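Notes for the structure review
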Amino acid sequence: MKYRVSVVQYHLHTINSFEEFAAQCEHYIKTAEEFGAEFVLFPEFFTTQLLSIGNGKGESLIIDDLPGFTEQYRELFSNFARKTNMHIIAGTHVIKKDNKLYNTAHLFYPDGRIGEQAKLHITPTEVKEWSMAPGDSFQIFETDKGKIALLTCYDIEFPEIVRMAKAKGADVIFCPSCTDDRHGFHRVRYTSHARAIENQVYVVLTGTVGSLPTVDFMRANFGQAVIITPNDIPFPPRGILVEGEINDDMVVTADLDLDLLYEVRERGSVTTWRDRRTDLYPDWEK
(Lines give C-alpha, C1' and ligand atoms only; values in the text may rest on other atoms or scores of the structure.)
Protein backbone atom coordinates (compact mmCIF):
# COMPACT_ATOMS: atom_id res chain seq x y z
CA MET A 1 0.00 0.00 0.00
CA LYS A 2 1.19 3.48 -0.88
CA TYR A 3 -0.12 6.91 -0.10
CA ARG A 4 1.06 10.43 -0.79
CA VAL A 5 1.91 12.89 1.97
CA SER A 6 2.52 16.63 1.74
CA VAL A 7 4.35 18.38 4.58
CA VAL A 8 4.06 22.12 5.19
CA GLN A 9 6.85 24.44 6.32
CA TYR A 10 4.39 27.05 7.57
CA HIS A 11 5.62 30.63 7.35
CA LEU A 12 4.69 32.65 10.42
CA HIS A 13 4.24 36.38 9.92
CA THR A 14 2.01 39.08 11.34
CA ILE A 15 -1.58 39.11 10.07
CA ASN A 16 -4.60 41.34 10.64
CA SER A 17 -7.56 38.94 10.52
CA PHE A 18 -8.67 35.33 10.68
CA GLU A 19 -9.44 35.60 6.97
CA GLU A 20 -5.73 36.17 6.27
CA PHE A 21 -4.90 33.05 8.26
CA ALA A 22 -7.53 31.06 6.36
CA ALA A 23 -6.20 32.26 2.99
CA GLN A 24 -2.65 31.24 3.85
CA CYS A 25 -3.81 27.80 4.99
CA GLU A 26 -5.85 27.42 1.80
CA HIS A 27 -2.73 28.16 -0.26
CA TYR A 28 -0.92 25.21 1.35
CA ILE A 29 -3.96 22.95 1.07
CA LYS A 30 -4.39 23.73 -2.64
CA THR A 31 -0.68 23.13 -3.21
CA ALA A 32 -0.93 19.70 -1.58
CA GLU A 33 -4.08 18.97 -3.56
CA GLU A 34 -2.32 19.83 -6.82
CA PHE A 35 0.37 17.27 -5.92
CA GLY A 36 -2.31 14.63 -5.32
CA ALA A 37 -1.64 14.34 -1.58
CA GLU A 38 -3.87 12.13 0.54
CA PHE A 39 -2.45 13.33 3.87
CA VAL A 40 -1.19 16.80 4.81
CA LEU A 41 0.79 17.76 7.92
CA PHE A 42 1.01 21.27 9.39
CA PRO A 43 3.40 22.23 12.25
CA GLU A 44 2.93 22.63 15.97
CA PHE A 45 1.74 26.02 17.27
CA PHE A 46 1.13 27.39 13.76
CA THR A 47 -2.18 28.86 14.96
CA THR A 48 -0.27 31.20 17.29
CA GLN A 49 -0.16 33.35 14.17
CA LEU A 50 -3.73 34.33 15.14
CA LEU A 51 -2.37 36.07 18.25
CA SER A 52 -0.61 38.58 16.01
CA ILE A 53 -4.02 39.99 15.02
CA GLY A 54 -4.15 41.82 18.35
CA ASN A 55 -7.22 43.00 20.22
CA GLY A 56 -7.99 46.07 18.12
CA LYS A 57 -6.61 48.39 20.79
CA GLY A 58 -2.97 48.11 19.82
CA GLU A 59 -2.40 45.35 22.38
CA SER A 60 -1.12 41.87 21.61
CA LEU A 61 -3.18 38.78 22.32
CA ILE A 62 -1.75 36.17 24.71
CA ILE A 63 -1.79 32.39 24.75
CA ASP A 64 -4.94 32.33 26.90
CA ASP A 65 -6.77 34.03 24.02
CA LEU A 66 -5.95 31.30 21.50
CA PRO A 67 -8.73 28.85 22.50
CA GLY A 68 -11.17 31.57 21.47
CA PHE A 69 -10.35 30.71 17.84
CA THR A 70 -11.04 26.98 18.25
CA GLU A 71 -14.47 26.90 16.60
CA GLN A 72 -13.25 28.86 13.56
CA TYR A 73 -10.13 26.68 13.29
CA ARG A 74 -12.12 23.46 13.38
CA GLU A 75 -14.69 24.67 10.89
CA LEU A 76 -11.97 25.86 8.51
CA PHE A 77 -10.04 22.60 8.42
CA SER A 78 -13.13 20.41 8.46
CA ASN A 79 -14.25 22.17 5.30
CA PHE A 80 -10.81 21.75 3.72
CA ALA A 81 -10.81 18.01 4.47
CA ARG A 82 -14.30 17.44 3.09
CA LYS A 83 -13.71 19.49 -0.06
CA THR A 84 -10.36 17.91 -0.91
CA ASN A 85 -11.03 14.38 0.40
CA MET A 86 -7.69 14.55 2.24
CA HIS A 87 -6.72 13.66 5.79
CA ILE A 88 -5.36 16.86 7.31
CA ILE A 89 -3.21 16.86 10.43
CA ALA A 90 -3.67 20.56 11.12
CA GLY A 91 -0.65 20.88 13.37
CA THR A 92 -1.57 21.72 16.94
CA HIS A 93 -3.97 24.26 18.35
CA VAL A 94 -4.28 25.32 21.99
CA ILE A 95 -7.65 24.37 23.45
CA LYS A 96 -9.12 24.80 26.91
CA LYS A 97 -10.78 22.04 28.93
CA ASP A 98 -11.69 22.18 32.61
CA ASN A 99 -9.91 25.54 32.78
CA LYS A 100 -6.63 24.01 31.57
CA LEU A 101 -4.73 24.71 28.34
CA TYR A 102 -3.77 21.76 26.14
CA ASN A 103 -1.50 21.83 23.10
CA THR A 104 -3.58 19.51 20.94
CA ALA A 105 -2.91 17.90 17.57
CA HIS A 106 -5.99 17.63 15.36
CA LEU A 107 -6.71 15.10 12.60
CA PHE A 108 -9.47 16.16 10.21
CA TYR A 109 -11.01 13.26 8.28
CA PRO A 110 -12.62 13.68 4.84
CA ASP A 111 -15.95 12.50 6.29
CA GLY A 112 -16.05 15.29 8.86
CA ARG A 113 -14.72 13.44 11.91
CA ILE A 114 -12.10 15.18 14.05
CA GLY A 115 -9.49 13.29 16.05
CA GLU A 116 -7.57 14.91 18.90
CA GLN A 117 -4.31 14.04 20.65
CA ALA A 118 -3.03 16.36 23.36
CA LYS A 119 0.74 16.67 23.65
CA LEU A 120 1.90 14.23 26.32
CA HIS A 121 5.29 15.65 27.28
CA ILE A 122 5.39 19.37 28.00
CA THR A 123 8.59 21.39 27.77
CA PRO A 124 9.69 23.58 30.70
CA THR A 125 8.90 26.73 28.68
CA GLU A 126 5.37 25.55 27.93
CA VAL A 127 4.81 24.87 31.62
CA LYS A 128 6.45 27.99 33.04
CA GLU A 129 5.42 30.60 30.49
CA TRP A 130 2.12 29.25 29.15
CA SER A 131 0.88 26.98 32.00
CA MET A 132 0.25 24.18 29.50
CA ALA A 133 -1.12 20.90 30.85
CA PRO A 134 -0.01 17.47 29.55
CA GLY A 135 -2.43 15.10 27.88
CA ASP A 136 -3.44 12.14 29.99
CA SER A 137 -4.27 9.59 27.29
CA PHE A 138 -2.71 8.21 24.12
CA GLN A 139 -4.52 6.82 21.10
CA ILE A 140 -3.89 5.43 17.65
CA PHE A 141 -5.95 6.73 14.75
CA GLU A 142 -7.53 4.42 12.19
CA THR A 143 -7.53 5.71 8.62
CA ASP A 144 -8.30 4.28 5.19
CA LYS A 145 -4.53 3.90 4.75
CA GLY A 146 -3.79 2.17 8.04
CA LYS A 147 -3.04 3.21 11.59
CA ILE A 148 -1.15 6.39 12.47
CA ALA A 149 -0.04 8.20 15.62
CA LEU A 150 0.16 11.92 16.35
CA LEU A 151 3.09 12.79 18.59
CA THR A 152 3.99 16.43 19.01
CA CYS A 153 7.58 17.73 19.02
CA TYR A 154 8.97 16.91 22.52
CA ASP A 155 6.94 13.66 22.49
CA ILE A 156 9.24 12.15 19.86
CA GLU A 157 12.19 12.49 22.25
CA PHE A 158 10.72 9.76 24.47
CA PRO A 159 11.27 6.29 23.00
CA GLU A 160 8.65 4.56 25.15
CA ILE A 161 5.69 6.33 23.57
CA VAL A 162 6.78 5.44 20.03
CA ARG A 163 7.28 1.82 21.11
CA MET A 164 3.68 1.91 22.32
CA ALA A 165 2.51 3.43 19.04
CA LYS A 166 4.17 0.71 16.98
CA ALA A 167 2.89 -2.01 19.33
CA LYS A 168 -0.63 -0.68 18.76
CA GLY A 169 -0.16 -0.99 15.01
CA ALA A 170 0.94 2.46 13.86
CA ASP A 171 3.16 2.42 10.77
CA VAL A 172 3.48 6.20 10.45
CA ILE A 173 4.19 8.76 13.17
CA PHE A 174 3.11 12.29 12.29
CA CYS A 175 5.09 14.79 14.34
CA PRO A 176 4.14 18.48 14.18
CA SER A 177 6.94 20.50 15.75
CA CYS A 178 7.96 24.05 16.64
CA THR A 179 11.55 24.85 17.60
CA ASP A 180 13.17 28.24 18.00
CA ASP A 181 16.86 27.41 17.46
CA ARG A 182 19.26 24.84 16.05
CA HIS A 183 19.59 22.99 19.35
CA GLY A 184 15.89 22.29 19.67
CA PHE A 185 15.56 21.53 15.98
CA HIS A 186 18.31 18.92 16.04
CA ARG A 187 17.04 17.31 19.23
CA VAL A 188 13.74 16.63 17.54
CA ARG A 189 15.33 15.70 14.22
CA TYR A 190 17.89 13.25 15.60
CA THR A 191 15.42 11.51 17.88
CA SER A 192 12.97 11.19 14.97
CA HIS A 193 15.62 9.25 13.07
CA ALA A 194 16.20 7.06 16.13
CA ARG A 195 12.49 6.32 16.48
CA ALA A 196 12.24 5.35 12.79
CA ILE A 197 15.20 2.95 13.13
CA GLU A 198 14.12 1.44 16.46
CA ASN A 199 10.56 0.74 15.38
CA GLN A 200 10.89 0.44 11.59
CA VAL A 201 8.25 3.10 10.95
CA TYR A 202 7.99 6.30 8.95
CA VAL A 203 8.24 9.59 10.83
CA VAL A 204 6.70 12.62 9.11
CA LEU A 205 8.04 15.76 10.75
CA THR A 206 7.68 19.48 10.16
CA GLY A 207 8.20 22.80 11.92
CA THR A 208 7.31 26.45 11.77
CA VAL A 209 9.46 29.00 9.94
CA GLY A 210 9.37 32.80 9.96
CA SER A 211 8.67 35.07 12.92
CA LEU A 212 5.90 36.63 15.01
CA PRO A 213 7.52 39.77 16.47
CA THR A 214 4.49 40.62 18.65
CA VAL A 215 3.86 37.12 20.05
CA ASP A 216 5.86 36.08 23.10
CA PHE A 217 8.03 32.96 22.60
CA MET A 218 7.19 32.83 18.87
CA ARG A 219 9.69 35.47 17.73
CA ALA A 220 12.21 32.91 16.48
CA ASN A 221 11.59 29.72 14.52
CA PHE A 222 13.96 27.18 13.01
CA GLY A 223 12.22 24.51 10.99
CA GLN A 224 12.28 22.00 8.17
CA ALA A 225 9.86 19.45 6.77
CA VAL A 226 11.11 15.90 6.33
CA ILE A 227 9.88 12.35 5.84
CA ILE A 228 12.16 9.93 7.66
CA THR A 229 12.50 6.22 6.89
CA PRO A 230 14.25 3.27 8.51
CA ASN A 231 17.90 2.96 7.45
CA ASP A 232 17.90 -0.13 5.29
CA ILE A 233 18.46 -1.06 1.64
CA PRO A 234 14.93 -0.43 0.26
CA PHE A 235 15.13 3.15 1.55
CA PRO A 236 17.49 6.07 0.89
CA PRO A 237 20.86 5.55 2.68
CA ARG A 238 20.43 8.61 4.95
CA GLY A 239 16.91 7.61 5.92
CA ILE A 240 15.44 10.71 4.29
CA LEU A 241 12.70 10.27 1.72
CA VAL A 242 12.29 14.00 1.13
CA GLU A 243 13.17 17.20 2.97
CA GLY A 244 12.61 20.91 2.49
CA GLU A 245 15.05 23.78 2.55
CA ILE A 246 15.63 24.91 6.14
CA ASN A 247 13.56 27.96 7.13
CA ASP A 248 11.97 28.41 3.70
CA ASP A 249 8.22 28.76 3.06
CA MET A 250 7.39 25.59 1.14
CA VAL A 251 5.62 22.24 0.85
CA VAL A 252 7.37 18.91 0.23
CA THR A 253 5.65 15.76 -0.99
CA ALA A 254 6.49 12.05 -1.24
CA ASP A 255 4.87 8.62 -1.33
CA LEU A 256 4.96 6.32 1.69
CA ASP A 257 5.27 2.64 0.72
CA LEU A 258 4.00 0.58 3.65
CA ASP A 259 4.97 -2.69 1.96
CA LEU A 260 8.63 -1.68 2.32
CA LEU A 261 8.17 -1.41 6.09
CA TYR A 262 6.71 -4.89 6.25
CA GLU A 263 9.58 -6.17 4.09
CA VAL A 264 12.38 -4.78 6.26
CA ARG A 265 10.68 -5.96 9.45
CA GLU A 266 10.89 -9.52 8.12
CA ARG A 267 14.00 -9.54 5.93
CA GLY A 268 15.94 -6.36 6.62
CA SER A 269 19.68 -6.04 7.23
CA VAL A 270 18.57 -5.57 10.83
CA THR A 271 15.18 -6.41 12.31
CA THR A 272 15.08 -4.06 15.25
CA TRP A 273 11.41 -4.52 16.08
CA ARG A 274 11.51 -8.31 15.94
CA ASP A 275 14.80 -8.51 17.86
CA ARG A 276 13.61 -6.66 20.94
CA ARG A 277 14.62 -8.35 24.20
CA THR A 278 11.19 -8.44 25.75
CA ASP A 279 12.50 -10.86 28.33
CA LEU A 280 14.51 -7.93 29.71
CA TYR A 281 12.20 -4.96 29.20
CA PRO A 282 8.48 -4.33 28.61
CA ASP A 283 6.66 -5.83 25.67
CA TRP A 284 4.18 -3.13 24.70
CA GLU A 285 2.30 -5.53 22.43
CA LYS A 286 0.90 -7.31 25.50
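Residues numbered from 1 in each chain as written. Predicted model: local features only at pLDDT ≥ 70, side-chain atom pairs only at ≥ 80, totals over all residues. Heavy atoms only, no water.

Side note on the overall build of the protein
For the protein, the helix and strand inventory stands at 6 helices and 15 strands. Considering the protein as a whole, with its 286 residues, one finds that 56% of them fall into the buried category. In the protein, the share of contacts with a sequence separation of at least 24, taken over all contacts with a separation of at least 6, comes to 68%. Of the accessible surface of the protein, which amounts to about 12600 Å², a share of 48% is contributed by carbon and sulfur atoms. (Helix = DSSP H or I, 4+ residues; strand = E, 2+ residues; numbered from the N terminus. Buried < 20%, exposed > 50% of the residue type's maximum accessible area, 1.4 Å probe, protein only. Contact = heavy atoms within 4.5 Å. Areas by Shrake-Rupley, 256 points an atom, 1.4 Å probe, with all protein chains shown as cover.)

Remarks on the packing of helix 4 (residues 159–167) against helix 5 (residues 182–199)
Packing of helix 4 against helix 5 leaves a shortest axis separation of 10 Å and a crossing angle of 40°. Overall, the two elements helix 4 and helix 5 adopt an arrangement that is oblique. For the pair helix 4 and helix 5, the crossing hand works out as right-handed. Residues Pro-159, Val-162, Arg-163 and Lys-166 of helix 4 pack against Arg-195, Glu-198 and Asn-199 of helix 5. Of the residues assigned to the contact of helix 4 with helix 5, the class counts are 2 nonpolar, 1 polar and 4 charged. (Axes fitted to C-alpha atoms, helices over the stretch in contact; angles between N-to-C directions. Parallel < 35°, antiparallel > 145°, perpendicular 65-115°, else oblique. Left-handed = near helix turned anticlockwise from the far one by under 90°. Nonpolar A, V, L, I, M, F, W, Y, C, P; charged D, E, K, R; others polar.)

A closer look at the pattern of salt bridges
For the structure on display, the rule yields 18 salt bridges. Arg-219 is paired through a salt bridge with Asp-216; the nearest N and O atoms lie 3.0 Å apart. What makes Arg-219 partly exposed here is its relative accessible area of 43%. For Asp-216, a relative accessible area of 44% translates into the label partly exposed. (Salt bridge = Lys/Arg side-chain N within 4 Å of Asp/Glu carboxyl O.)

Quick notes on the packing of aromatic side chains
The full count for this structure, using the stated rule, is 21 aromatic pairs. Considering the side-chain rings of Phe-45 and Trp-130, the 5.1 Å spacing of their centres and the 80° angle between planes classify their relative orientation as edge-to-face. Taken together, the positions of Phe-45 in the loop between strand 3 (39–41) and helix 2 (70–84) and Trp-130 in helix 3 (residues 124–130) put the pair 85 residues apart, joining distant regions of the chain. Like Trp-130, Phe-45 is buried. Ring geometry for Phe-46 versus Phe-77: centroids 6.0 Å apart, planes at 80°, classification edge-to-face. Of the two residues, Phe-46 is situated in the loop between strand 3 and helix 2 and Phe-77 in helix 2; the sequence distance between them amounts to 31 residues. (Phe/Tyr/Trp six-rings, centres within 6.5 Å; stacked < 30°, edge-to-face > 60°.)

Concerning the packing of helix 1 (residues 18–34) against helix 2
Running from N to C, helix 1 and helix 2 point in directions that differ by 25°, and their axes come no closer than 11 Å. Relative to helix 2, the element helix 1 is oriented roughly parallel. Seen from above, helix 1 lies across helix 2 with right-handed handedness. Here Phe-18, Phe-21, Ala-22, Cys-25, Glu-26, Ile-29 and Glu-33 of helix 1 lie close against helix 2, whose contacting residues are Gln-72, Tyr-73, Leu-76, Phe-77, Phe-80 and Thr-84. Looking at the contact of helix 1 with helix 2 residue by residue, the class counts come to 9 nonpolar, 2 polar and 2 charged.

Digging into the nonpolar core
The biggest cluster of nonpolar side chains holds 41 residues, and the ones touching the most others in it are Tyr-10, Phe-21, Phe-42, Phe-46, Phe-77 and Ile-88. Listed by contribution, the elements that provide at least two residues to this core are helix 1, helix 2, strand 4 (87–97) and strand 5 (100–108). Ranked by the residues each element gives to this core, the list is headed by helix 1, at 7 residues. The residues contacting Phe-21, other than those within four sequence positions of it, are Tyr-10, Ile-15, Phe-46, Thr-47, Gln-49, Leu-50, Leu-76 and Phe-77. Among the nonpolar cores identified, the runner-up in size contains 26 residues, and Val-7, Ile-89, Tyr-202 and Leu-256 belong to it. (Core = buried A, V, L, I, M, F, W, Y, C linked by side-chain atoms within 4.5 Å.)

Side note on helix 6 (residues 258–267)
Of all the positions in helix 6, only Leu-258, Leu-261, Val-264 and Arg-265 are classed as buried. Considered in projection along helix 6, the buried side chains sweep an arc of 125° and stay on one side of the axis. Looking at the buried positions of helix 6, the neighbouring elements they touch are strand 1 (2–9), helix 4, strand 10 (172–177), helix 5, strand 11 (202–207) and strand 15 (250–257). The N-cap of helix 6, judged by a side-chain oxygen 3.0 Å from the amide nitrogen of Asp-259 a few residues on, is Asp-257. (Arc of directions from axis to C-beta. Polar contact = N/O pair within 3.5 Å; in protein donor to acceptor, adjacent residues only side chain to side chain.)

So, the environment of Lys-147
By secondary structure assignment, the location of Lys-147 is in strand 9 (residues 146–150). For Lys-147, a relative accessible area of 31% puts it in the partly exposed group. Each C-alpha atom, one on Lys-147 and one on Asp-249, is 29 Å from the other, the two residues being 102 residues apart in sequence. Setting aside chain neighbours within four positions, we find Lys-147 in contact with Ile-140, Phe-141, Glu-142, Lys-168, Gly-169, Ala-170, Asp-171 and Val-172.

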